[in-house]
Amino acid sequence: NNFGTVENCIFFNNTALTSSGGAIYVNSPGETIINCNFTNNNAYINGGSIYSRSGTIEYCNFINSSVGSSEAAGGAIYSDSSTIGYCNFTNNTVKNTRYGGGAVFLKSGEIAYCDFTKNTADIGNGGAILMSSVTVMYCNFTDNVATNGNGGAISSSTGNILYCNFLNNTAL
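Residues numbered from 1 in each chain as written. Predicted model: local features only at pLDDT ≥ 70, side-chain atom pairs only at ≥ 80, totals over all residues. Heavy atoms only, no water.

## Topic: the overall build of the protein
On a plain count of helices and strands, the protein comes out with zero helices and 22 strands. Over its C-alpha atoms the protein spans a radius of gyration of 14 Å, differing by no more than 12% from the 16 Å that the globule rule assigns to 172 residues. Its C-alpha atoms give the protein principal-axis dimensions of roughly 40 × 35 × 25 Å. Classification of the 172 residues of the protein by burial places 48% in the buried group. (Helix = DSSP H or I, 4+ residues; strand = E, 2+ residues; numbered from the N terminus. Rg over C-alpha atoms; globule rule 2.2 N^0.38 Å. Buried < 20%, exposed > 50% of the residue type's maximum accessible area, 1.4 Å probe, protein only.)

## A few points about the packing of aromatic side chains
Under the criterion given, the structure shown has 13 aromatic pairs. With a centroid separation of 4.8 Å and an interplanar angle of 5°, the aromatic rings of phenylalanine 38 and phenylalanine 62 are classed as stacked. Of this pair, phenylalanine 38 sits in strand β6 (residues 37–39) while phenylalanine 62 sits in strand β9 (residues 61–63); the two residues are 24 residues apart in sequence, bridging distant segments of the chain. Assigned by exposure class, phenylalanine 38 and phenylalanine 62 land together as buried. Ring geometry for tyrosine 78 versus phenylalanine 105: centroids 4.7 Å apart, planes at 15°, classification stacked. Here phenylalanine 105 lies in strand β14 (residues 104–112) and tyrosine 78 lies in strand β11 (residues 77–85), a separation of 27 residues in the sequence. (Phe/Tyr/Trp six-rings, centres within 6.5 Å; stacked < 30°, edge-to-face > 60°.)

## A few points about the environment of serine 79
Note on placement: serine 79 falls in strand β11. Look at serine 79 and you get buried, because its relative accessible area is 0%. With 30 residues separating them along the chain, serine 79 and serine 49 place their C-alpha atoms 11 Å apart. Setting aside residues up to four positions removed in sequence, serine 79 forms contacts with Ser52, Arg53, Ser54, Phe105, Leu106 and Lys107. A distance of 3.3 Å separates a polar atom in the side chain of serine 79 from the backbone nitrogen of serine 81. Within the local environment of serine 79, its side chain forms a polar contact with the side chain of serine 82, the two groups lying 2.6 Å apart. (Contact = heavy atoms within 4.5 Å. Polar contact = N/O pair within 3.5 Å; in protein donor to acceptor, adjacent residues only side chain to side chain.)

Structural data, given as structure tokens:
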């Protein structure tokens, strides 16, 4: 049961009013999302742009995605297990939640060669990323904020952070 491939698409102003995945919701493993732009997508629960069980997300841009319930996580992406690479995350938000991950919530997998700029976890942890067993490498984190939470850039229970740059990230 493979979802397939989404490639060279634009997702703009999509909303999941009472659920997850404002632009894409995939409950089966194995999707590949390549070279897509996600702008102004919102979900009530998880993944303002993408809710995914597992897969690969590469060469995508995520701008102004958000989630907003008290149980929400992953302003742009919520995933159980994925590989995320060569993506840009700008101004994504998790609002009024006890969880977090302003841009990404990832339980296991890898994030590499990504830029995270001005993402916010409002009343949550991880201004850019909230993760469990994840390796983050060769990423840049600039001006990310966790208000009333931990980890201006990253909040993690386990995992590895390798060869990354951090500038002006804040946990308030």
